[in-house]
Amino acid sequence: MTTLTELYVVSHTHWDREWYHTDAEFRQRLVQLVDELLETPPVSGSFLLDGQSILLDDYLTVRPERAAELAALLRDGRLEAGPWYVLPDELIPSGEALVRNLMIGRSTVRRVRGEPPAVLYCPDSFGHPAALPDLAAGFGCAMLVLWRGFGGSRAPRSDVVWWHGAGGASVLVYHLPQDGYEFGSSLPANLEDARRRWACITDALAPRATTGRGILLNGADHHARQRDLPLALESLARVASPVRIVSASLADAARALHNGAAASDVPHIRGELRDSYGYTWTLQGTLATRAHQKRNNARAERTLIRDTEPWVALAGGDGASAARALLATTWRTLLTAHPHDTLCGTSVDAVGIAFDQRVASAERQAHALRRTALETLISHDAELARHRQSDWRPAVVLRNPVARARGGVVELRLCATIADVAVGPGSATRQGVRRRVPAWGIDGIPLQVLARSEEIALTESPRAYPDADRVAVAQAVGWVSPLGGYAVETRFHGVPASVTIPNPVVSGEASLDNGRVRVDVSADGSVTLIDHEMRRTIRNVIALERARDVGDSYTPAIRETLAAPVARRVRVTQKGPIRGEIVIDFQQAQAGRRGRSSCRLKLQLDADARSLRVCVDGENRDRDHRLRICFATDLEDAATVADAAFHSVTREHLEIPEIDAAVEHVVPTAPLHRWVARFTSRQGVALASDGLAEYESTANSICVTLVRSIGELSRADLQERPGHAGWPAPIPGAQCPGPYAARFALTLFGADSPDVRDAIERFAEDALVPLSGETLRSNLLPPIRAGGLELSGNGVAFSAAAPAEQDGWIMLRCVNRRDEAVRGAWRLAGIPNCTEAVKARLDETPIAALTVADGIVQFDAEPLEIVTILVR
């Protein structure tokens, strides 16, 4: 039987930066809270700013004159902040986004001369990824503090556990009591009240106190420091005797718990934590709330990680330091959309509006950084080009945003000048004469034009006004020979090549076939997928499904099935040979109060491809409902494997006792990152998604939520979760009126194996980060090839390539996705004169030197290890 001998009281505030108020409104309370701490600092212990450092930025934005006082408290340990920049939702962001959160969080504390506690503090996240111990260890955090996602009858009866990460790291977890981070708020100063409160504390903590030591968090949501805390602690100490009451910082409490765990029999756990049913609300129903916002965030993350940071790293040069700072600023912008109440959509509509602006801003910043980096790589001089229009020779800049060589279909945005545009006084009489749109062509690349349009384009320079032109634009696909990994190449506009395209697409009346895969669509919109090579046929492979949802932003409450959209028209819109496309137009049979909802599916098949691409574009005009797209898999009783932060996870349906379900029903949906797959002993299927965050694996289908329409922040009358999970407020914006979109790819595989998992990784990359190219009209140079960064090794998957924190270094990261040690290598063609390489922790702390030979860095990766390498 355990006995509580020491209790560490940590004074804190839990700060949802925005929720039922905006960040600007909550910031006013934050300024009052921190002003009070600076004027009357803690005499003993410390005060914890919720494990996130953005609060320092928020405070200093208003009170920059108090930076020195704030820094002094942080240096003395009387104030703690970090290691997170924002307390994130942990299941929706990518693993790299979580790393950037921690990197920027630590640098923010250090900027004011502090050091974050070596504790990964996660007091209110709605579940935790399996890789979290690896993240904690990678930043030198020996302990995690968490609440939701763990506990109850299926968990060890202990307040501490050793949690083993997929990559091999082990960290100590302190699990908060059922009432969470507010259990120790408002401690009474009166002795009689203190006795009653102590009885409650010991009832909750003592039975699980495996080490004899515990942590009591004294604070709650947006609470300032308790006024009479010293007297309250004195009263608690008197009634708790002989248990020792210690006013402590989080860092000190963590050290004490860690020391106690070393001498105790502590249970061990593995895997992701998404089950606290019966212990506290798990709140797994937020994954599709404001679904379009989660998709936009995922797309912005992917742009930054896969198609901006690597090019900036390879560009280097005189602007490397500024580019690194601009990247950090872009990440800060995006991370302000990652707090769990923000990214989860469990906030008022004003917060949702701010979310949209932040994510759009981050993506625009990323695009601008990529453009500058690519121009640097191909030696384009924008200042010179601005004044030599007569020498322009338009070229297409092709790029391969993956770390392996590949060719095939390239997605192109071509443009050509058709008229000069004058600006300023008298410009009405100086507009250029319109020219004919030229025939579209690229030297050596066969083309298929998909769509045409016109727009105004600017050619800019750092020392001149922009030059404006009206341009014709063509969206096209082409066929290219292999480009190296993270290589860039320019090709002049010119004559398309007569290249033989392997397995070209042939279209029928309502069919597409490339010799490997066939798609047939009937007049009623039903789709049949035939894989010639695997000899498998899936009928009714795509279906739209609607149901009434009377839930709130935290919890779905699915009721009766509603009439699904009906197919109104089927037509072939692209006949090949590079890309074929069939469009199916759906519409609601009955109109709602705001008219009829509609949905358009574009089924695309590319030359030589084994995957079917599905593009969804719709208009939601209904309320209180859920719309899903379901992909039949022809696999009964299959295991489900889903991509997650750094590693894939196998997920099974959770069954819980009725007594637990009375408090909160199990939500059958799960987080969706880039892909989800189903496997039997003989066959498999994989679905890639471009950012929607919720899927459900049913008997033989994978269903992804397109739209979840609800109108209340929190409701108390749900049988799925009786009681308010947040302050009630109307959120009509969460009905998600207006357009929605999604992009998927579906392909068939054999039985699960390490090689199949590697193939799924390549399939997801090809679907989500395709070969791309766009016209540089102001090009002055002959064709050029530049860049180059490739990763090789069975089982190793690219994770990131970016400028390192230290000048002159580049960070390369990959993940061994196999259960065995493997050998890998980075080929550094685009990093000339590389002289030094070191293996490092996730936080870029060097571990061991590596050898660079002929532009190659070889490394060994332990089973499921996340490998970070710095090169100079």
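Note that residues are indexed from 1 along each chain, following the sequence as it is written. The predicted nature of this model means local features are confined to residues of pLDDT at least 70 and side-chain atom pairs, given and counted, to a pLDDT of 80 or more, with totals for whole chains, interfaces and linings taken over all residues. Side-chain measures here rest on the full set of heavy atoms in the structure, leaving out hydrogens and waters.

Novice: Give a detailed account of the state of the cysteines, specifying residues and quantitative values.
Specialist: By definition, a disulfide links two cysteine residues through a covalent bond between their sulfur atoms. Any pair of cysteine sulfurs within 2.5 Å is marked as a disulfide. Evaluated as defined, the whole model comprises 1 disulfide. Each sulfur of the disulfide joining Cys-630 and Cys-703 lies 2.3 Å from the other. Taking the torsion about the sulfur-sulfur bond, which here is approximately 110°, the covalent link between Cys-630 and Cys-703 counts as right-handed. A residue pair is termed long-range when its members are at least 10 positions apart, and Cys-630 in strand β27 (residues 625-632) and Cys-703 in strand β34 (residues 701-709) qualify at 73 residues. Residue Cys-630 shares its accessibility class with Cys-703, and that shared class is buried. Among the cysteines around Cys-814, which has no disulfide bond, Cys-834 carries the closest sulfur, lying 15 Å off. We count a stretch as a helix when DSSP gives it H or I for four or more residues in a row; a strand needs E for two or more, and each element gets its number in order from the N terminus. Only protein chains enter the calculation, and the probe is 1.4 Å; a residue is then buried if its accessible area is under 20% of its type maximum, exposed if over 50%, and partly exposed in between.

Novice: So what's going on with the sheet that holds strand β4 (residues 119-122)? Residues and values would help.
Specialist: Strands sit in the order β4-β5-β7-β6-β10 across an open sheet of 5 strands; the sheet is mixed. Edge strands, defined here as strands with exactly one partner in the open sheet, are β4 and β10 (268-270). Between one strand and the next, the sheet's axes are offset by a mean angle of 30°, whatever the strand orientation. The criterion used for residue contact is that any of the two residues' heavy atoms lie within 4.5 Å. Here the axes come from fitting lines to C-alpha atoms, over the contacting stretch only for helices, and the angles between their N-to-C directions go from 0 to 180 degrees. Here helix α8 (residues 250-262) sits on the sheet and contacts β4, β5 (143-146), β6 (160-164) and β7 (170-175); the angle it forms with β7, its principal contact strand, is near 110°. Pairing between strands requires that DSSP locate at least two bridges from one strand to the other.

Novice: I'd like a rundown of the packing of helix α6 (residues 191-205) against helix α7 (residues 229-240), residues and numbers included.
Specialist: Where α6 contacts α7, the two axes come as close as 9 Å, and the packing angle between them is 65°. As the angle between them shows, α6 and α7 are arranged roughly perpendicular. Where α6 crosses over α7, the handedness of that crossing is right-handed. Note on element contacts: α7 touches α6 through Ser-235, Leu-236, Arg-238, Val-239 and Ala-240, opposite Leu-191, Ala-194, Arg-195, Trp-198 and Ile-201. Residues are grouped as follows: Ala, Val, Leu, Ile, Met, Phe, Trp, Tyr, Cys and Pro are nonpolar; Asp, Glu, Lys and Arg are charged; all remaining types, including Gly, are polar. A per-class count over the contact of α6 with α7 returns 7 nonpolar, 1 polar and 2 charged. Working rule for angles: under 35 degrees goes down as roughly parallel, over 145 as roughly antiparallel, 65 to 115 as roughly perpendicular, anything else as oblique. Throughout, a crossing is termed right-handed when the near helix is turned clockwise from the far one, and left-handed when it is turned anticlockwise from it by less than a right angle.

Novice: Can you explain the pairing of β27? Please cite residues and give values.
Specialist: Counting buried positions over the 8 residues of β27 gives 8, a clear majority of the element. Residues His-625, Leu-627, Ile-629 and Phe-631 point to one face of β27 and Arg-626, Arg-628, Cys-630 and Ala-632 to the other, with burial holding for every one of them. Direction of pairing for strand β21 (residues 542-549) relative to β27: antiparallel, over a ladder of 7 bridges. Bridge assignment links Arg-548 to a residue of β27, and that residue is His-625. Taken together, the 8 bridges between β27 and β34 define a ladder with antiparallel strand orientation. Pairing of Ala-632 across the sheet is with Ser-701, part of β34.

Novice: Give me the lowdown on the packing of helix α1 (residues 23-39) against helix α3 (residues 67-76), citing residues and values where you can.
Specialist: Where α1 contacts α3, the two axes come as close as 10 Å, and the packing angle between them is 70°. Comparing the axis directions of α1 and α3 gives the class roughly perpendicular. Between α1 and α3 lies a crossing whose hand is left-handed. Facing Val-34, Leu-37 and Leu-38 of α1, the residues of α3 in contact are Glu-69, Leu-70 and Leu-73. For the contact of α1 with α3, a count of residues per class yields 5 nonpolar, no polar and 1 charged.

Geometric descriptors of this kind do not, in isolation, establish any biological role.
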